[in-house]
Amino acid sequence: MTERRDRKDVLLEAGLALASELSLPIVLQRIVDLAAEVTDARYGALGVIADEELVEFITTGMPAKQRRDIGPLPRGRGVLGLLIKEPRPVRISNIGDHPLSVGFPPNHPPMHSFLGAPVQAMGRVFGNIYLAEKRSAHEFSDEDQESLIVLATQAGVAIANASLYEETRLRERWLNALRDITNDILSGADAASILVDIAERARELARADAATIAIAGSTPDQLVVTVAVGARARELQGQPVPALGSISGDVMRTGKPLVLEDASSDPRAHQRIVQLGRHGPALYVPLRVRGRATGTLMVANLKGGRPFDKQTLQLVETFADQASVAIEYGRAQTDLRRLGLMEERERIAMELHDGIIQSVFAVGMGLQGTALLAGSPETAARIENAVDELDVVIRDLRNYIFGLRPGILADRHLDGALRELANEIQKRGSTQVDVEVDAELAATVSSRSQELVQLTREALSNVARHAQATHSVVRLAREGSTAVLMIEDDGVGFDVRTDDAGNGLRNMRERAAAMGGTLRVTSSAGKGTKLRLTFPVGGMRP
């Protein structure tokens, strides 16, 4: 009778303890610990079920290292699956003798006696309690089974309370996160930082190890991981992903989310990303801009981690919608800034053309008239030289106006603007200029068109004036996550160590720095000159 009263006392205390706790993870661990204590079991586990599959497995009596050595979660087959298919108490004297037994995985401790019971919460079977290896006997008793049924009933009530509390807290955090992100978007925060915040909030609320955002790259067959947070973020940031033959590409094409138990075993997985990220359970959600999928938001756990459920998928989908708004907002802000810059340059160009050039031209005409009246041939020659210099000034001013006015870009993309510039330079000199442009990359960096055209103009102007070159090449291409603009000629070259401080090169270096890039100049006497501008594709400053 003493053992019976002690057991009842333990069950009573267990009910009170479980009812006072609202943290679901703590509740689950206490349930399995109490079940092992009440029945004197060496090992215990609580398997959480979703869609008739084990999605979580909380254990007791087993060291953490041994748990890791066993490997991934059990699949819910064999004896464990018996309770999933038929949610009622099960008691077995020897697991190995049961007809449904499928054996144990490597590194699993030996187990013989077994006792299990379902845990019901909120009208559904939440999971099952599994106990093994009774310490004081060869098998579990009827009394052990009755005690476990009582504990499972108490556990169901505790889980229901904790789940409701957890759901309320989750919804509160979800609403707060959406509010903060919406405020960031409306306040004009940088689109890149908003995307990082979205990925981080999605990762936190999904209780995931990592999250990434991949968007379309410079070519239609490639995506780029523009945002990575959490585990292995540094290795994933900036990595290219093929649009064809990848999970992200399939999600973009179908426009439908995808939940995977193990991304590394999916034949569509891009193996480099899988290896770098060490991803296991993952879910992918498309990013839609103007009704078209332009990327994916992914949250993942490391290999062997917890799978994701439908509730988590719905949550991440909401953040994907916010990411889509942020991407579209960033593009709209870029267009507005570009429009404002074009309008300001047009105003300055008109003032230069209608004011300064006309004034300089008038001075030149006056000087030419004075030269005709000069009595000394030497004086007339000096005046004519001054007029020639004024012509050079007028030509330079026109060149700058050509760069300030948006006309070269108003009706064409960057690709066409660079070719038009090359034609203009060829008409004014004897240097042939070839243009090689990655059209998809040109479209991607269109927000930097004005800077790229102006820098190219300055470089080609130097070629025309000083290089004595017969051939020059302008090349815009992609190298990984960066873009490269190359201007190369076969002219006389110069000593970079002594001439690199010139205003032209200094201006170009300042333009490159303003774009977040670097300009490298290599040249030597008789071997031409090469200018190489390298700047980021996805992380450019506005």
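Here the structure is a predicted model, which means the values were calculated and not measured. (Residues numbered from 1 in each chain as written. Predicted model: local features only at pLDDT ≥ 70, side-chain atom pairs only at ≥ 80, totals over all residues. Heavy atoms only, no water.)

Time to look at the overall build of the protein chain. When its secondary structure is counted, the protein chain shows 17 helices and 16 strands. Within the protein chain, the proportion of its 542 residues that are buried is 44%. For the protein chain, contacts bridging at least 24 residues in sequence account for 61% of all contacts bridging at least 6. (Helix = DSSP H or I, 4+ residues; strand = E, 2+ residues; numbered from the N terminus. Buried < 20%, exposed > 50% of the residue type's maximum accessible area, 1.4 Å probe, protein only. Contact = heavy atoms within 4.5 Å.)

Estimated volume of the second largest pocket: approximately 1400 Å³. Lining the second largest pocket are 46 residues; nearest its centre among them are Val55, Arg306, Pro307, Phe308 and Asp309. If you list the elements that add at least two residues to the lining of the second largest pocket, you get helix H2 (24-39), strand E1 (41-50), strand E2 (53-60), strand E5 (124-134), helix H5 (142-186), strand E9 (258-260), strand E10 (279-289) and helix H10 (310-373). In terms of residue count, H10 provides more of the lining of the second largest pocket than any other element does, six residues in total. Tallied by class, residues from the lining of the second largest pocket come to 24 nonpolar, seven polar and 15 charged. (1 Å grid on protein atoms, 1.4 Å probe; cavity = no way out; pocket = protein on both sides within 12 Å on 5 of 7 lines; lining within 4 Å. Points joined across faces, edges and corners; volume = space filled by probe spheres on them. Nonpolar A, V, L, I, M, F, W, Y, C, P; charged D, E, K, R; others polar.)

This brings us to the sheet that holds strand E15 (residues 518-523). Taken in spatial order, the five strands of this open sheet run E12-E13-E14-E16-E15, and their pairing is mixed. With partners counted over all chains shown, the strands left at the sheet margins are strand E12 (432-437) and E15, one partner each. Taking the axes of each pair of neighbouring strands and ignoring which way they run, one obtains an average angle of 10 degrees across the sheet. As paired strands, strand E13 (residues 471-479) and strand E14 (residues 482-489) are joined by eight bridges and run antiparallel to one another. Across the sheet, arginine 478 pairs through a bridge with alanine 483, a residue of E14. Helix-sheet contacts for helix H15 (residues 449-467) involve E12, E13, E14 and strand E16 (529-536), and the interaxial angle to E14 is about 15 degrees. (Pairing = 2+ DSSP bridges. Axes fitted to C-alpha atoms, helices over the stretch in contact; angles between N-to-C directions.)

Right, let's get into empty space enclosed by the protein. Over the atoms, a rolled probe matching the size of one water molecule traces out where space is still vacant. Enumeration over the complete set of coordinates arrives at one cavity of 30 Å³ or more. If you trace the largest cavity, you find 17 residues lining it, with Val241, Ser248, Ile273, Tyr284 and Met298 closest to the centre. No other element matches strand E6 (residues 210-216), which puts three residues into the lining of the largest cavity. Considered class by class, the residues forming the lining of the largest cavity number 11 nonpolar, six polar and no charged.

Okay, the confidence of the model for the protein chain next. A low pLDDT score tells you not to read the predicted coordinates there in detail. Scored by pLDDT, the protein chain has a mean of 79; 81% of the residues are at 70 or more. Predicted confidence is poor over residues 1-5, with pLDDT under 50, and the contacts of this stretch with residues over four places away or in other chains come to one contact. (pLDDT = per-residue confidence, 0-100.)

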